[in-house]
Amino acid sequence: IVAELRAFLRVHDHDARGWYLMGNLYMHENNYVEASKAFSNAVKNDDKKIIYQVAYAEAAFFAEDRNLSPATRKMLLQVLDQDANNVAAMNLLAID
C-alpha cells in the first residue's frame, strides 16, 4: 500500500488527503520523521484542515524527541483558536 500511495503522490503531489493517509501509514510504523514530512505536505496543500495540523504536530512531537518546536506550538495554539475543545491539541501542549 505504501509503495502504491508513494507512486500516486509522485504524480499528485498536491493531494493533501493522500499526504495525510501516507502520514498515518508512517505513524503506524512508528516512523515519525517520515510521518511528519507527509503531514507537513498535507498542511502545505490544505492549511485549513485542523486534522492535518494536529496530525503534523503529533508526528513532529515524536520525531523531535517529544518536544514541540516554537512553530509547532504556535500552530497548536492557532488550532485551539479555531477549535477550543480540540483535545489532541490540548494534550500535546500539556505534555510538552
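Preceding this paragraph is the structure being described.
Residues numbered from 1 in each chain as written. Predicted model: local features only at pLDDT ≥ 70, side-chain atom pairs only at ≥ 80, totals over all residues. Heavy atoms only, no water.

Draft legend 1. Representation of the pattern of salt bridges. Taken as a whole and judged by the stated rule, the model has 2 salt bridges. We note a salt bridge from Glu34 to Lys37, for which the minimum N-O separation is 3.1 Å. Pair noted here: Glu34 and Lys37 are both in helix 3 (residues 32–45), with a separation of 3 residues, about one helical turn. By relative accessible area, Lys37 is classed as partly exposed at 46%. The salt bridge involving Asp47 is made with Lys48; its shortest N-O contact spans 3.9 Å. (Salt bridge = Lys/Arg side-chain N within 4 Å of Asp/Glu carboxyl O. Helix = DSSP H or I, 4+ residues; strand = E, 2+ residues; numbered from the N terminus. Buried < 20%, exposed > 50% of the residue type's maximum accessible area, 1.4 Å probe, protein only.)

Draft legend 2. Highlighting the packing of aromatic side chains. All chains considered together, the criterion is met by 4 aromatic pairs. Ring centres of Phe61 and Phe62 lie 5.2 Å apart, and the angle between their planes is 80°; this geometry places the pair in the edge-to-face category. In this structure Phe61 comes out as buried when scored by relative accessible area, which is 2%. The class for Phe62 is partly exposed, based on a relative accessible area of 25%. Three or more aromatic residues joined by ring pairs form one cluster here, namely Tyr20, Phe39 and Tyr52. (Phe/Tyr/Trp six-rings, centres within 6.5 Å; stacked < 30°, edge-to-face > 60°.)

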